[in-house]
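# Structure assessment
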Amino acid sequence: MRIRKKIRWTAPAEADRFTQLSAFIKAAEDEGWSEDEVQFVINEIVEAPNEAEVALIFQDYSH
């Protein structure tokens, strides 16, 4: 699945990937993302090998 949607959100400063993910999920739900779309991003973040990859994933889905 490839998600082309983007959200407006602000990642918590100095937060770990799971704290950022929590904020991302809230913003995505507020913007009407489906459960499958949110789950896809959750899986990407959890499986990311390092924080640099996490940052790129969040950047890809953000305005």
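Figured I'd write up the structure that's included with this text.

Definitions and cut-offs
Residues numbered from 1 in each chain as written. Predicted model: local features only at pLDDT ≥ 70, side-chain atom pairs only at ≥ 80, totals over all residues. Heavy atoms only, no water. Helix = DSSP H or I, 4+ residues; strand = E, 2+ residues; numbered from the N terminus. Rg over C-alpha atoms; globule rule 2.2 N^0.38 Å. Buried < 20%, exposed > 50% of the residue type's maximum accessible area, 1.4 Å probe, protein only. Contact = heavy atoms within 4.5 Å. Lys, Arg positive; Asp, Glu negative; His and termini not counted. Charge placed at Lys NZ, Arg CZ, Asp CG, Glu CD. Salt bridge = Lys/Arg side-chain N within 4 Å of Asp/Glu carboxyl O. Polar contact = N/O pair within 3.5 Å; in protein donor to acceptor, adjacent residues only side chain to side chain. Phe/Tyr/Trp six-rings, centres within 6.5 Å; stacked < 30°, edge-to-face > 60°.

Across its full length, the chain carries three helices and zero strands. Overall, the chain shows an N-to-C arrangement of helices and strands of α-α-α. What you see for the chain is a C-alpha radius of gyration of 11 Å, in line with the 11 Å of a compact globule of 63 residues. Taking the principal axes of the C-alpha coordinates as reference, the chain spans close to 25 × 25 × 15 Å. Here the chain holds 63 residues, and the buried ones make up 35% of them. Long-range contacts, defined here as pairs at least 24 residues apart, represent 60% of the contacts in the chain between residues at least 6 apart. Between the mean site of the 7 positive side-chain charges and the mean site of the 13 negative ones, the chain shows a separation of 7 Å.

Taken as a whole and assessed by the stated rule, the structure comprises three salt bridges. In this structure, D30 engages K26 in a salt bridge whose closest nitrogen and oxygen atoms are separated by 3.2 Å. Of this pair, D30 and K26 are both found in helix α1 (residues 17–30), four residues apart, which corresponds to roughly one turn of the helix.

Here we come to the side chain of S62. Summarising the element assignment, S62 is placed in the segment after α3 (51–60). At 2.6 Å, the side chain of S62 and the backbone oxygen of F58 are in polar contact. Those residues in contact with S62 that lie beyond four places of it in its chain are K6, I7 and W9.

Here we take up the packing of aromatic side chains. Taken as a whole and judged by the stated rule, the model has six aromatic pairs. Considering the side-chain rings of F24 and W33, the 5.7 Å spacing of their centres and the 85° angle between planes classify their relative orientation as edge-to-face. Relative accessible area serves as the criterion here: at 7%, W33 is assigned to the buried category. Taken together, a centroid distance of 6.0 Å and an interplanar angle of 75° make the contact between W33 and Y61 edge-to-face. Of this pair, W33 sits in the loop between α1 and α2 (35–47) while Y61 sits in the segment after α3; the two residues are 28 residues apart in sequence, bridging distant segments of the chain. For the pair shown, W33 and Y61 are each scored as buried. Clustering of aromatic rings is evident, with ring pairs tying together W9, F24, W33, F58 and Y61.

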